[in-house]
Amino acid sequence: MLSRAEEILRDLIAFPTISADSNLALIDYAREMLEGLGATTQTTRDATGAKANLFATIGPDIDGGVVLSGHTDVVPVAGQDWSSDPFEMTCRGDALFGRGACDMKGFIACVLTMATCFAGAALTRPLHIALTYDEETGCLGAPVLLAALAKSGRKPRICIVDEPTEMRIIEGHKGCCEYTTRFDGHEGHSSAPDAGVNAVEYAARYMNELIAIGEAVKSRAPEASRFDPPWTTLSIGRITGGVAHNVIPNSCTVDWEFRPVQAADADYIRERIRDFAADELLPRMRAIAPDAGIHLETIGEVDGLEPMDQNAAATLVTELTGGNTRDVVAFGTEAGLFQNHGIATVVCGPGSIAQAHKPDEFITRDQLHQCLAMLERLIPRLTSG
């Protein structure tokens, strides 16, 4: 099985599925392989038609069963110092190098390898395989896939989302909400600042409020929070505006994000900054220039995975891997999206997050072997009466 997984991983790495580009060739590769095993499949596409999700089912068309979910897109390689072609798998010792090797084509290779075994078993519960687009740029594909799943009326019971966790069981992570706020002011000569609307200055007031909100949410941290830090974090990443020392800037943009530990914090932050902009800033701006404005663009809103006292997915993966710990992590995944659809969800996959997004990304054969063993142990759980 390991050699077959390596062959498939080599094929998967060769598809340059950087988020900015199409993933259709990889999706077609997986779809044809799974349909050849008798799986039923459904693809859903983005608005351009250049990217697709794949949802495949092996076994009976009934509720329940397990979803194995992974994203097909990878981060760019531009500007990175690779020692080999990032889209040609290279073997050095126990390590297999290539973009996406651990994040997360190694897992997909294991799933496609084991699909033959699932197809040959007399499954009494379905095994679903979900492959998504654009996870790296805001988890844009998974909501499309889940909307189609909900429309179909099918309700899987458990979802295992792969990310490189070294096969550790991850039952929680923060969400990630990213925004760009644009300020439209009124330009003029800096010798008469009261005659214009300085977009940079209003952006600065906005950022000061964001900083205050970031401090306020620290006191909202749940008492039993296991995250580090335990509270919702808020960060301003970039401000862009102005053209010269002596010109009142008429535009400015602020890029910012927050990572909530609980859904209530996300609502609190969005409502507070929205009210501040509408009640405090806009009236002052439009008193001078009626066409002045503040525009909030949502770049991505990814739900967190909230740890649950009772989690059937975590229980199952504990039994499959023999792991005796359940951790939380700082990085985000698609897991919260599945959880919010009423599916018990956990994150567990081969490879180390320490290798993700870096030059010379790799996964070890030992990690692939552990993942294959977990999936092999899943088969009896789907064939029992």
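Residues numbered from 1 in each chain as written. Predicted model: local features only at pLDDT ≥ 70, side-chain atom pairs only at ≥ 80, totals over all residues. Heavy atoms only, no water.

## A few points about the packing of helix α2 (residues 24–35) against helix α3 (residues 101–120)
The relative placement of two packed helices comes down to the angle between their axes together with the axis-to-axis distance.
Part 1: At a closest axis distance of 10 Å, the pairing of α2 and α3 adopts a crossing angle of 20 degrees. Here α2 lies roughly parallel to α3, going by the angle between them. Crossing of α2 against α3: the hand is left-handed. Contacts between α2 and α3 involve Leu-26, Tyr-29, Ala-30, Met-33 and Leu-34 on the former and, on the latter, Lys-105, Leu-112 and Ala-115.
Part 2: Split into classes, the residues belonging to the contact of α2 with α3 amount to 7 nonpolar, no polar and 1 charged. (Axes fitted to C-alpha atoms, helices over the stretch in contact; angles between N-to-C directions. Helix = DSSP H or I, 4+ residues; strand = E, 2+ residues; numbered from the N terminus. Parallel < 35°, antiparallel > 145°, perpendicular 65-115°, else oblique. Left-handed = near helix turned anticlockwise from the far one by under 90°. Contact = heavy atoms within 4.5 Å. Nonpolar A, V, L, I, M, F, W, Y, C, P; charged D, E, K, R; others polar.)

## Some points on α2
Part 1: Helix length check: α2, at 12 residues, gives a terminal C-alpha distance of 16 Å against a target of 16 Å (1.5 Å per residue), a fit within 8%.
Part 2: Residues of α2 that are buried sit in contact with α1 (2–14), β1 (40–45), β2 (52–58), α3 and β6 (127–132). (Expected span 1.5 Å × (residues − 1).)

## Observations regarding the sheet that holds strand β4 (residues 90–92)
Part 1: Strand order across the open sheet formed by 3 strands is β4-β5-β17, with antiparallel pairing between neighbours. Only two strands of the sheet have a single neighbouring strand rather than two, namely β4 and β17 (362–364). Averaged over neighbouring strand pairs, the angle between their axes works out to 25 degrees when direction is ignored.
Part 2: The pairing of strand β5 (residues 95–97) with β17 spans 3 bridges and is classified as antiparallel. By the bridge assignment, Ala-95 is partnered in β17 with Thr-364.
Part 3: This element, α3, spans β5 and β17 of the sheet and lies at about 50 degrees to β17. (Pairing = 2+ DSSP bridges.)

## Topic: empty space enclosed by the protein
Part 1: Under the definition given, this model contains 1 cavity of 30 Å³ or more.
Part 2: Looking at the largest cavity, its volume works out to about 40 Å³.
Part 3: In terms of lining residues, the largest cavity is bounded by Gln-42, Thr-44, Phe-55, Leu-145, Ala-148 and Leu-149.
Part 4: Elements supplying a minimum of two residues to the lining of the largest cavity: β1 and α4 (141–152).
Part 5: In terms of residues, the lining of the largest cavity owes the most to one element, α4, which gives 3 residues.
Part 6: Classifying every residue of the lining of the largest cavity by side-chain character gives 4 nonpolar, 2 polar and no charged. (1 Å grid on protein atoms, 1.4 Å probe; cavity = no way out; pocket = protein on both sides within 12 Å on 5 of 7 lines; lining within 4 Å. Points joined across faces, edges and corners; volume = space filled by probe spheres on them.)

## Digging into the layout of surface pockets
Part 1: Reported here for the largest pocket is a volume of approximately 370 Å³.
Part 2: Looking at the largest pocket, it is lined by 18 residues, and the ones nearest its centre are Glu-135, Glu-136, Arg-259, Gly-332 and His-357.

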